[in-house]
Amino acid sequence: MPRYPSDVLGSPPYALLLALWPLPGDASAHGPALDAHLLLNLWIALGLLALAHALLLGGLLVRGRRAVGQDEEAHAARRLWRAQYLPLAGLTLLFGFLTLRAERLWAGARYTGADLTAMQVEVTGVQFAWYFRYPGDDGLFGRTDPGLVAAGEGNPLGLDANDVHAADDIVSSELVLPAGREVDLRLRAQDVIHGFSVPEMRLKQNAVPGQTIHIHFTPTAPGNYAILCTQVCGLGHYRMSAGLRVVTPEEFAAWLARHGKAARR
Ligand SMILES: [Cu+2]
């Protein structure tokens, strides 16, 4: 099982860079492509840094000489093109290419919406905890009402017990997902803006009060991962975390059945 993107990319320069500064392991289907793009950016920046120094050094040692018969003005214009316009045009093309590539990778893949078969899970951020809701056997989320929120009485999301779709909803403080299946998360916040982040899944998205924000991904590697809050959301922000447990589809079915029964009791 590859632990670092370098294992996937396999080339010595990538491996060298990552050995010095390793990223968290990749555990989602879209992660390796994002990592490869990040590393491409870093290598290009490193190359440009080296080139800039070489040019500066070269400029100090070798002064451009005016060709015989060339007048001063034409010489200055040539220097301007070579020293400013051409590098600027090159950089513009380079940054345009990197931006378009990033847009295709990130915005294109992340915001085109999940497949219709993706599993639905609602994520709610509240000072200072994360709650995860599964729709249960009927596949529909029940109604919630802010007036019914009572974390101390076991109803942190304010589920309306009179709604027929609410009875089988499963609310958990741990996010459990099956490996290899796409999941569509709907992010919500009860009080202030929270930041949902799972570094190993290469996911980071704000949860904003009054909005339902979708992010989708496919976890690939079973294991335990930390879910962090990346927005300073109050005095207890430092302890706002939860766990993501990626399990096999069989383990997930067993977990869901166990919690489903508990929810209906
Ligand atoms: Cu928070």
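One structure accompanies this document, and this report is about it. If you're wondering where the values come from, they're calculated on a predicted model, not measured in any experiment. (Residues numbered from 1 in each chain as written. Predicted model: local features only at pLDDT ≥ 70, side-chain atom pairs only at ≥ 80, totals over all residues. Heavy atoms only, no water.)

Take the sheet that holds strand β9 (residues 223-229) next. Sheet strands pair via backbone hydrogen bonds, and the direction of the pair is either parallel or antiparallel. If you trace the five strands from one edge of the open sheet to the other, you get β4-β10-β9-β6-β7, paired in mixed fashion. Taken across any chain shown, the strands that pair with only one partner, and hence form the sheet edges, are β4 (174-178) and β7 (203-207). Shown here is a sheet whose adjacent strand axes are inclined to one another by a mean of 20°, direction ignored. Both strand β6 (residues 194-198) and β7 contribute to a ladder of five bridges, which runs antiparallel. The partner of G195 across the bridge, within β7, is N206. (Pairing = 2+ DSSP bridges. Helix = DSSP H or I, 4+ residues; strand = E, 2+ residues; numbered from the N terminus. Axes fitted to C-alpha atoms, helices over the stretch in contact; angles between N-to-C directions.)

What follows concerns the coordination of the copper ion. For the copper ion, every protein donor is listed as H194 (ND1), C229 (SG), C233 (SG) and M240 (SD), and the spread of their distances is 2.1 to 2.4 Å. Of note is the copper ion, whose four donor atoms meet at the metal with angles of 92 to 123° in an arrangement that counts as tetrahedral. Sequence spacing of the donor residues for the copper ion, all on one chain, is H-x34-C-x3-C-x6-M. Here H194 is found in strand β6, whereas its partner C229 is found in strand β9, with 35 residues between them in sequence. Just as H194 is buried, C229 falls in that class too. (Donors = N, O, S within 2.8 Å, 3.2 Å for Na, K, Ca; no water. Tetrahedral: all angles 85-135°; square planar, octahedral: opposite > 155°, others 65-115°. Buried < 20%, exposed > 50% of the residue type's maximum accessible area, 1.4 Å probe, protein only.)

Once that is clear, we can look at the pairing of strand β2 (residues 129-134). Burial analysis of β2 places five of its six residues in the buried class, which makes it a mostly covered element. Note: strand β1 (residues 119-126) against β2, five bridges, orientation antiparallel. Residue pairing across strands places V123 opposite F132, the latter belonging to β2. Connecting β1 to the antiparallel partner β2 that follows it, the hairpin turn spans two residues. As defined by bridge partners, β2 adjoins strand β3 (residues 170-172) across three bridges and the pair is classed as antiparallel. Among the inter-strand pairings, Y134 is bridged to a residue of β3, identified as I170.

Structurally, the position occupied by G180 is in the loop between β4 and β5 (183-189). The spatial distance from the C-alpha of G180 to the C-alpha of A29 is 8.4 Å, given a sequence separation of 151 residues. Other than its neighbours up to four places away in sequence, G180 contacts T218, P219 and T220. (Contact = heavy atoms within 4.5 Å.)

In this section: the pattern of salt bridges. By the definition in use, this model includes eight salt bridges. Residue D169 is joined to R133 by a salt bridge in which the shortest nitrogen-to-oxygen separation is 2.6 Å. Of the two residues, D169 sits in the loop between β2 and β3 while R133 sits in strand β2, which places them 36 residues apart along the sequence. Under the relative-accessibility criterion, D169 is labelled buried at 4%. (Salt bridge = Lys/Arg side-chain N within 4 Å of Asp/Glu carboxyl O.)

Spatially, the five strands line up as an open sheet ordered β3-β2-β1-β5-β8, and their pairing is mixed. Bordering the open sheet on either side are β3 and β8 (213-217), each of which pairs with just one other strand. If you compare each strand with its neighbour and ignore which way they point, the axes differ by 25° on average.

The pairing of β6 with β9 spans two bridges and is antiparallel. Paired with F196 across the two strands is C229, which belongs to β9. Pairing of β9 with strand β10 (residues 241-247), which is carried by six bridges, proceeds in the antiparallel orientation. Opposite I227, over in β10, you have A242 as the bridge partner.

Counting residues in each nonpolar core, the largest one holds 37 residues, and the members touching the most others are F132, Y134 and F196. Each residue touching Y134, except ones within four places of it in the same chain, is listed here: M119, V121, F141, D169, I170, E174, L175, V176, F252, W255 and L256. (Core = buried A, V, L, I, M, F, W, Y, C linked by side-chain atoms within 4.5 Å.)

On to the environment of V123. Position of V123 among the secondary structure elements: in strand β1. Between the C-alpha atoms of V123 and Y134, which are 11 residues apart in sequence, the distance is 9.3 Å. Not counting chain neighbours up to four residues away, the residues in contact with V123 comprise W130, Y131, F132, L185, R186, L187, R188 and F196.

The next point concerns the packing of aromatic side chains. Considering all chains together, one arrives at five aromatic pairs under this definition. Residues W130 and F196 carry aromatic rings whose centres are separated by 5.5 Å and whose planes lie at 90° to one another, so their mutual orientation is edge-to-face. One end of the pair, W130, is in strand β2; the other, F196, is in strand β6, with 66 residues separating them in the sequence. Each member of the pair, W130 as well as F196, carries the same accessibility label: buried. Through pairs of rings, three or more aromatic residues link up here, namely Y134, F252 and W255. (Phe/Tyr/Trp six-rings, centres within 6.5 Å; stacked < 30°, edge-to-face > 60°.)

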